[in-house]
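Notes for the structure review
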Amino acid sequence: MGVVLGIESSCDETAAALVTSSREVLSQRIASQDEAHAPYGGVVPEIAARAHAERLAPMIAEVLEDAGLTLDDCDAIAATAGPGLIGGVMVGLVSAKALAMAGDVPLIAINHLEGHALSPRLADPELAFPYALLLVSGGHCQILLVEEVGRYHRLATTIDDALGEAFDKTAKILRLGFPGGPAVERLAREGDAAAVPLPRPLFGSAEPHFSFAGLKSAVLRAHESGQYDAVDIAASFQQAALDCVLDRLSRALDAMEPVPALVVAGGVAANASIRVALEGLATSRGMRFVAPPPKLCTDNAAMIAWAGCERLALPDFAADPLDFVARPRWPL
Ligand code: KG4
Ligand code: ZN
């Protein structure tokens with residue numbers, strides 16, 4: 001059994017976790033920077049990088065202590081090496097390099113999206129390759145065929161905003177604070193999803209891509225018209241977004257070889273309405289539906305440590321070099 005220390009610092013959560021190859025999360029901690037960024041209505045890269053630099057080293061000591069382990073017990077150090085806000089990514093990656101060097105163990109540079117893509121397998125030992133994956137976060141909105149560790153085939157992406165971004169922008173318009181996704185979801189529960197006529201961009205189009213910019217603009221117009229309550233705007237927005245997701249995903253599934261499981265991951269996968277709707281879609285197609293627990297959907301280090309475990313178990317595993325360069329952009 002291997003133990004991997006995982007580090008995540010690509011956006012506004014500083015996180016560290018210890019995970020075993022037998023799927024045990026020995027310890028994990030997450031420090032959110034929400035309060036630091038809230039006055040600006042979004043993540044400020046410089047503030048994020050400084051906060052990671054202050055918080056990460058003590059946090060790594062804490063997760064080791066929580067698990068009763070030392071660096072010598074770790075078989076590898078895995079850190080997000082991109083994509084993300086480069087200052088923060090560098091803080092995590094440089095820390096991982098120092099620990100790998102000090103402990104004389106492999107460094108594993110993880111693509112943050114790969115962390116999300118493999119996270120459902122940490123929660124569900126039954127989930128085998130291949131699977132269809134909807135990856136929906138603040139920065140990404142993709143449909144992928146996950147063939148095996150390291151082999152991801154992208155079937156669709158967004159031509160403008162990511163789904164989480166659309167939730168965050170809607171929250172900003174409705175002055176719900178930051179981060180917006182959970183706040184929009186809470187408000188939507190009290191509203192009428194049919195009250196506000198909103199567009200469903202790209203609905204029915206042949207390629208399974210996403211677009212949410214027009215929906216966000218329509219939310220802004222509806223709000224500025226003064227005709228609608230915020231609860232109804234939130235509910236109608238969430239419904240429109242959901243309709244788009246189901247339509248685009250159906251289109252992508254129609255175009256690919258059948259696979260046994262439909263999987264969702266990324267921060268927006270924490271949304272209960274989306275989970276219910278996707279489960280319905282999977283059932284109607286005779287597919288199994290897998291969604292990690294909400295805490296594993298939003299950014300965390302357990303998924304990075306787990307992606308490290310998956311890489312470490314490959315027969316042709318090779319450590320990443322200590323001069324591995326942090327990548328602000330890094331498509332899967
Ligand atoms: O994966 P994640 O934590 O960070 C990125 O890699 O981007 O995703 C964060 C995104 C944010 O846009 C946030 O508003 C959204 O996920 N989100 C949600 C919910 N929880 C988080 N969106 C809708 N409903 C939620 N419950
Ligand atoms: Zn993420």
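Residues numbered from 1 in each chain as written. Chains lettered and ligands numbered in written order. Predicted model: local features only at pLDDT ≥ 70, side-chain atom pairs only at ≥ 80, totals over all residues.

1. Examining the nonpolar core
By size, the foremost hydrophobic cluster in this structure holds 110 residues, and its most contacted members are Ala 16, Ile 77, Ala 78, Ala 79, Leu 133, Ala 241 and Ala 305. When residues in this core are grouped by element, the largest group, 12 residues, is from helix α8 (residues 230–255). Both domain 1 (3–117 + 297–312) and domain 2 (129–291) contribute no fewer than three residues apiece to this core. (Core = buried A, V, L, I, M, F, W, Y, C linked by C-beta atoms within 7 Å. Buried ≥ 20, exposed ≤ 12 C-beta atoms within 10 Å, placed from the backbone. Helix = DSSP H or I, 4+ residues; strand = E, 2+ residues; numbered from the N terminus. Domains from an automatic or database assignment.)

2. Some thoughts on the sheet that holds strand β6 (residues 131–136)
Taken in spatial order, the 5 strands line up as β8-β7-β6-β9-β10 in an open sheet, and their pairing is mixed. The sheet is open, and its two borders are formed by β8 (151–156) and β10 (288–290), each paired with just one other strand. Going across the sheet, the axis of each strand differs from the next one's by a mean of 25°, ignoring polarity. In terms of strand pairing, strand β7 (residues 141–148) meets β8 through 5 bridges, oriented antiparallel. Across the sheet, the residue bridging to Leu 145 is His 153, located in β8. Most of the contacts of α8 go to β8, to which it runs at about 120°, and overall it touches β6, β7 and β8. The sheet contacts of helix α9 (residues 272–284) involve β6, β9 (261–265) and β10, and relative to β9 the element is tilted by about 165°. (Pairing = 2+ DSSP bridges. Axes fitted to C-alpha atoms, helices over the stretch in contact; angles between N-to-C directions. Contact = placed C-beta atoms within 7 Å.)

3. Comments concerning the UniProt feature "binding site: Fe cation" (unreviewed entry) in the protein
Mapped onto the present numbering, the UniProt feature "binding site: Fe cation" (unreviewed entry) falls at His 112, His 116 and Asp 299. For this annotated set, covering 188 residues, all C-alpha atoms fall within 8.9 Å of each other, a compact arrangement in space. Mapping His 112 onto the fold places it in helix α4 (residues 112–123). Among the residues examined, His 112 registers 27 C-beta atoms within 10 Å and is labelled buried. Those residues in contact with His 112 that lie beyond four places of it in its chain are Ser 10, Thr 80, Gly 82, Pro 83 and Gly 84. Among the structural elements, His 116 can be located in helix α4. Note on His 116: 31 C-beta atoms within 10 Å, which makes it buried. (UniProt positions renumbered as here; feature names shortened; annotations may be inferred.)

4. A short note on the site of ligand 1
Surveying the vicinity of ligand 1 reveals 20 residues, the closest of which are Gly 138, Gly 164, Gly 181, Gly 267 and Asn 271. When contributions to the shell around ligand 1 are tallied by element, the ones reaching two or more residues are α5 (163–173) and α6 (181–188). Among the elements that take part in the shell around ligand 1, α5 stands out by supplying 4 residues, more than any other. Across the shell around ligand 1, the residue classes tally to 6 nonpolar, 10 polar and 4 charged. (Near = placed C-beta within 6 Å. Nonpolar A, V, L, I, M, F, W, Y, C, P; charged D, E, K, R; others polar.)

5. Digging into the sheet that holds strand β2 (residues 13–20)
Spatially, 5 strands are ordered β3-β2-β1-β4-β5 in an open sheet, and the strand pairing comes out mixed. Each edge of the sheet is formed by a strand with only one pairing partner; in this case those strands are β3 (25–32) and β5 (107–111). Going from strand to strand, the sheet's axes swing by 20° on average, the running direction of each strand aside. Contacting β1 (3–8), β4 (76–82) and β5, helix α3 (residues 86–103) crosses the sheet at an angle of about 160° to β4. Helix-sheet contacts for α4 involve β4 and β5, and the interaxial angle to β5 is about 80°.

6. Brief notes about α5
Judged by how many residues are buried, α5 sits mostly within the fold: 10 of 11 residues are covered. Those residues of α5 lying buried are Leu 163, Gly 164, Glu 165, Ala 166, Phe 167, Asp 168, Lys 169, Thr 170, Ala 171 and Ile 173. Where the residues of α5 are buried, they touch β6, β7, α6, α7 (213–225) and α8. Remark: Arg 175 follows α5 within two positions and exhibits a positive phi of approximately 55°.

7. Some thoughts on the domain arrangement of the protein
We note that the domain assignment places domain 1 (3–117 + 297–312) and domain 2 (129–291) within the protein. Distance from the C-alpha centre of domain 1 to the C-alpha centre of domain 2: 27 Å. Taken together, the 13 residues of domain 1 in the interface contact 17 residues of domain 2. Mapped onto the side of domain 1 that touches domain 2, the elements with two or more residues apiece are α1 (34–37), α4 and α11 (302–312). No other element matches the 3 residues that α4 contributes to the side of domain 1 that touches domain 2.

8. Considerations on the UniProt feature "domain: Gcp-like" (unreviewed entry) in the protein
Taking the numbering used here, the UniProt-annotated feature "domain: Gcp-like" (unreviewed entry) corresponds to residues 24–306. The span residues 24–306 carries 48% helix and 17% strand; its end-to-end C-alpha distance comes to 9 Å.

9. Here we look at helix α2 (residues 45–67)
For α2, built from 23 residues, the straight-helix expectation of 33 Å at 1.5 Å per residue is met to within 8% by its first-to-last C-alpha distance of 31 Å. Remark: the principal bend of α2, roughly 35°, maps to Leu 56, with a proline, Pro 58, within the next four residues. By the burial criterion, the buried members of α2 are Ala 48, Ala 51, His 52, Leu 56, Met 59, Ile 60, Val 63 and Ala 67. The elements touched by buried residues of α2 are β1, β2, β3, α1 and α3. Two residues or fewer past α2, Gly 68 is found with a positive phi of approximately 70°. (Expected span 1.5 Å × (residues − 1). Bend = angle between axes of the 7 residues up to and from the residue.)

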